[in-house]
Amino acid sequence: MADTSIDMEKEAGPSQDPTGSLSSDSSAKDQSQDQEFDDVVAERATPEHENTDTQKNRNLDGHDQLEDQLSKSHMTSNKAPPSSLNNRYDIYPSEPLTEFNSPSARAFKVEDRMQPRLKLFGLICIPGLPIRLNEIEKISGKILPGNLNLISFGNINWPILDQKCLVLIFRQPLGQRIDKFFQSKKTKNIEKIDAIKLIAKTGITSLFSLQERQLTNRSIRPDNIFFADEDHEEIIFGEFVSSPPGFDQPASFETIDRSMAGEGGRGHGALNDDIYALGVTLAFLLQNQSPVRGKSSEEIIFSKITSNSYQTLIGEKLLTKDLLGLIRGMIQDDVENRWGFQELDMWLRGRHVKLSKNIVEKKSRRSIRFGGVNHKNLRTMAYSMATRRDSAIETIKNGALENWIDENFEDAELLNSISIAKDNASAFAETVPDADELLLSRVIMLLDRKAPITYKDVSFMPDGFGSAMAIEMLRGGGYQVFTECIINGVPDIWYSISDGINPNQFTAKEFYSQLTGYLQKAGPGFGIERCLYESNIGFACQSPILVKENIFSIEFLLQTLNKVEKTVDTKKSPIDRHIAAFIGARSNGNMDESLSKLGDLDDTIKILSMLKLLVNLQNTMNSGTLLGLAKWVGGLMGPVIRIYHSREKRKEVEAAVPKIIRGGDLSELLSLLDNQVDKKKEEKNFEIALKQYDEAEDEIKKIKENTGPESEAGKRTSKQAAAIISGLVMILIITIMIIT
């Protein structure tokens, strides 16, 4: 993010622009509201956490698959036939329905073979983008008052992307989007006011229905609300499951703390986050011109902190003041003072609800200049430091930060904590490579205990770690920063500092301890891949072997491996690191002991462990006959077969393997290769053979010892031979003497 050079000493009122760049003259009054909603969408696309010191660009060396998939998803195919879901719903690639698009999913026409008159649309989700699978399974086929009802879902072959994609089938709202209704010049102000009141009432009912199922929406904004009917008498809220929670939200619609996190790491949140977003939605619709129009996410966050959300988002050009009390209660920055269901229910009943005063953040007498901004507030300083890390570390080390705090805030506890953190960083500077980064992360959390977990160039809420990592991966980044973050215990620092301050912590400290345990094991089934799937229930398996099959559930794993056998390199194991981690995270039982053997140095143990794991899954999932997978696995069994010492037995096993493969039952293959009776018998025979071999060796040795020139027998034979030869020589000599 570029240096905004905001002069924080100029306080921003309801209709003031802190940058001084927005026009407030008569020409601005003539601008239509359609531009306001365009700004909302544009804000969503604005980079929020660019490190201006180092100008990091994580996509310089990596391919941004998210942008690529988004671009491809806009394409249509005039020649492709419809794709079918469950042999009932036909989705047409040649007939897009752009009026029902979501920011991270594209809409296409759907026909129901059983009820062809129904008007349906299907959202094609971006492959590799985490979806809200738990929510999808809970709401599919259910009627949720005030919410767009999900009729069905599942994977289909999608020719535009040349792979399988998840499709979400919804019934088409009969009316238009709310933002289009407000943009229309034909819409009268009184009609807008009636629509806003209807949105408020329906929105509260909608949140009631979600809360009963312990769900959050996290996608409430003006362009995700529809009229359910042509007469504009009913309102319905759009889908919220095609992307991670809060991912598609402009920063204006997120609370201060969650808007500070990267868009992929905003987390599941809670009911109060949805109440806030609904309040902001009402605020946007209530005004002909928004006071935050044209501002960056950073400017909006700064303004909310230095004043409050109400003053930042509510200007002077209002359609009506009737709803200001409701909006003020819904967008209170202090969650303790924000209205809940009790207050909202009272409002629906027409009863008076007392408004709490906004808690004003303490400001310094003198400002500190950092990142081109004059800061008088600890929270703005912390947020600015998080995005300008190199300069921030220097500001900490040279004492400028402590001097500012000491002179203006009289917070001895904070100063002491920063001092201890600096001392620890200095002590470990030689042994801990990331000592400075850890120092900065701790100081930022000390300055703002409600802020997200921040480390290097990533920032996420405690319940948003998994989706943050998945989005980084999809955008061409790597795992390294997230691995370091967990290994270095940064989440533990957050919990130790903010414990008790944030009452809506989705993820317990124990979860991060579990992730640390996975990272400490290097073999398949563990490491960062395991963390990725453990923290993302709605993340498809990313193994190159089957990534195009878009598998979310382990239930379909073996069938998919069986299918792709003809198109992959079958000389390699069907269980790579991603698949092993996917199995570990998605299995009902604890598979860690089985997974740990996949990394054994002994090929025999490794391959046999892989087979045992597949057999376990086949039996558990009732996967049926798996001819392709059996052939694949059978071809890898050479090292296992060679453990038999008997050539006869090896030939017997080798001859039996093809017959079993043709049956497609992996358990039979395991029974053949891991038959304990045969193994014991073969081992016993081998021991006998070894004994016989040893005995033969001993006999040969004895023979050599008894027949060698130095043996006793050899010496006796030599003496006898010498005596005979001596006798013959004497006879020969005597005979010669007689003759002569």
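What counts, and where the lines are drawn
- Residues numbered from 1 in each chain as written.
- Predicted model: local features only at pLDDT ≥ 70, side-chain atom pairs only at ≥ 80, totals over all residues.
- Heavy atoms only, no water.
- Helix = DSSP H or I, 4+ residues; strand = E, 2+ residues; numbered from the N terminus.
- Buried < 20%, exposed > 50% of the residue type's maximum accessible area, 1.4 Å probe, protein only.
- Contact = heavy atoms within 4.5 Å.
- Areas by Shrake-Rupley, 256 points an atom, 1.4 Å probe, with all protein chains shown as cover.
- Arc of directions from axis to C-beta.
- Polar contact = N/O pair within 3.5 Å; in protein donor to acceptor, adjacent residues only side chain to side chain.
- Salt bridge = Lys/Arg side-chain N within 4 Å of Asp/Glu carboxyl O.
- Phe/Tyr/Trp six-rings, centres within 6.5 Å; stacked < 30°, edge-to-face > 60°.
- Lys NZ or Arg CZ within 6 Å of the ring centre and 35° of its normal.
- Pairing = 2+ DSSP bridges.
- Axes fitted to C-alpha atoms, helices over the stretch in contact; angles between N-to-C directions.
- Core = buried A, V, L, I, M, F, W, Y, C linked by side-chain atoms within 4.5 Å.
- Patch = residues over 30% accessible without salt bridge, like charges linked within 9 Å, V, L, I, M, F, W, Y side chains within 5 Å.
- Parallel < 35°, antiparallel > 145°, perpendicular 65-115°, else oblique.

Engineer: Explanation requested: the overall build of the protein chain in the structure shown.
Structural biologist: Across its full length, the protein chain holds 32 helices and 12 strands. Expressed as a percentage of its 740 residues, the buried residues of the protein chain come to 54%. Residue pairs in contact within the protein chain that sit at least 24 positions apart in sequence constitute 71% of those at least 6 positions apart. Per element, the accessible surface of the protein chain, about 35000 Å² overall, is 49% carbon and sulfur.

Engineer: Would you explain unusual backbone geometry in this entry?
Structural biologist: In terms of backbone geometry, most residues other than glycine have negative phi values and most peptide bonds are trans. Not every positive phi belongs to a glycine, and Arg218 is a case in point at roughly 65°. Structurally, the position occupied by Arg218 is in the loop between α6 (189–212) and β7 (225–227). Within the chain, Lys456 stands out as a residue other than glycine whose phi angle is a positive 50°. Relative to the helices and strands, Lys456 resides in the loop between β11 (453–455) and β12 (458–460).

Engineer: Please explain helix α23 (residues 557–564) as it appears in this structure.
Structural biologist: Where α23 is concerned, the buried positions are Leu557, Leu558, Thr560, Leu561 and Val564. Projected down its long axis, α23 carries its buried residues within an arc of 160°, all on one side. Contacts from the buried residues of α23 go to α24 (577–586), α26 (603–621) and α27 (627–634).

Engineer: Is there a simple way to think about the side chain of Ser535 in this case?
Structural biologist: Tracing the backbone through its elements, the reader meets Ser535 in the loop between α22 (527–534) and α23. There is a polar contact of 2.6 Å between the side chain of Ser535 and the backbone oxygen of Cys531. A polar side-chain atom of Ser535 sits 3.5 Å from the main-chain carbonyl oxygen of Leu532. Contact partners of Ser535, with chain neighbours within four places excluded, come to Phe465, Gly466, Met469 and Phe511.

Engineer: Please clarify how the pattern of salt bridges should be interpreted in this entry.
Structural biologist: Side-chain pairing between opposite charges can occur once the charged atoms of the two side chains come close. One pass over the structure, following the stated rule, counts 29 salt bridges. Note that Arg113 and Asp90 form a salt bridge whose closest N and O atoms lie 2.8 Å from each other. With a gap of 23 residues between them, Arg113 in the loop between β3 (105–112) and β4 (120–125) and Asp90 in strand β2 (residues 89–96) connect regions that are remote in the sequence. Across the pair Arg221 and Asp223 runs a salt bridge, and its minimum N-O distance is 2.8 Å. The network of salt bridges with shared partners includes Glu95, Lys109 and Glu111.

Engineer: Explanation requested: the packing of aromatic side chains in the structure shown.
Structural biologist: Two numbers describe a pair of aromatic rings. These are the distance of the centres and the angle of the planes. Under the defined criterion, the tally for this structure stands at 19 aromatic pairs. Between Trp404 and Phe409, the aromatic rings sit 5.2 Å apart at their centres with planes inclined by 80°, giving edge-to-face as the arrangement. The same class applies to Trp404 as to Phe409, namely buried. Between Tyr533 and Phe582 the ring centres are 5.5 Å apart and the planes differ by 85°, which places this aromatic pair in the edge-to-face class. Here Tyr533 is found in helix α22, whereas its partner Phe582 is found in helix α24, with 49 residues between them in sequence. By the burial criterion, Tyr533 is buried, and Phe582 matches it. Here the aromatic residues Phe460, Phe465, Phe482, Trp494, Tyr495, Phe511 and Tyr512 are joined through ring pairs into a cluster of three or more. The ring of Tyr310 has Arg328 lying over it, and the distance from NZ or CZ to the ring centre is 3.9 Å.

Engineer: Which parts of the structure should I look at to understand the sheet that holds β4?
Structural biologist: Backbone-to-backbone hydrogen bonds join strands into a sheet, with any given pair of strands oriented parallel or antiparallel. Pairing in this open sheet of 6 strands is antiparallel, and the strands run β1-β2-β3-β4-β6-β5 from one edge to the other. Both edges of this open sheet fall to β1 (83–85) and β5 (150–158), since each of them pairs with a single strand only. Taken over all neighbouring pairs, the strand axes of this sheet differ in orientation by 35° on average, direction set aside. Alignment of β5 against strand β6 (residues 163–171), held across 8 bridges, turns out to be antiparallel. Residue pairing in the sheet places Asn157 in a bridge with Lys164 of β6.

Engineer: Whenever I open this one, the nonpolar core confuses me. Can you help?
Structural biologist: If you look at soluble globular proteins, the nonpolar side chains tend to sit buried side by side. Counting 103 residues, the largest nonpolar core has Met385, Leu401, Ile405, Leu611 and Met637 as the members making the most contacts within it. Excluding anything up to four places from it in sequence, Leu401 contacts Ile368, Met381, Met385, Thr395, Ile396, Ile418, Val443 and Leu447. Among the nonpolar cores identified, the runner-up in size contains 44 residues, and Val280, Leu313, Leu323 and Ile327 belong to it.

Engineer: Can you help me understand helix α19 (residues 480–487) in this one?
Structural biologist: For an α-helix, 3.6 residues make a turn, and residues three or four places apart therefore share a direction. Of all the 8 residues making up α19, 6 are buried; the element is thus mostly covered by neighbouring parts of the structure. Considered for burial, the residues of α19 that qualify are Val481, Phe482, Thr483, Glu484, Cys485 and Ile486. Backbone geometry just after α19 places Gly489 at a positive phi near 70°.

Engineer: Where do I start with a nonpolar patch on the surface in this structure?
Structural biologist: A cluster of nonpolar residues, Ile724, Leu728 and Ile731, forms a patch on the protein surface that exposes about 320 Å² of accessible area. Ile724 gets classed as exposed once you look at its relative accessible area, which sits at 55%.

Engineer: Help me out: how do you make sense of the packing of helix α13 (residues 378–387) against helix α14 (residues 389–397) in this one?
Structural biologist: The geometry of a pair of packed helices is captured by two quantities: the angle between their axes and the separation between those axes. Where α13 contacts α14, the two axes come as close as 6 Å, and the packing angle between them is 125°. In terms of orientation, α13 lies oblique with respect to α14. Across the interface between the two elements, Met381, Met385, Ala386 and Thr387 from α13 touch Arg389, Ala392, Thr395 and Ile396 from α14.

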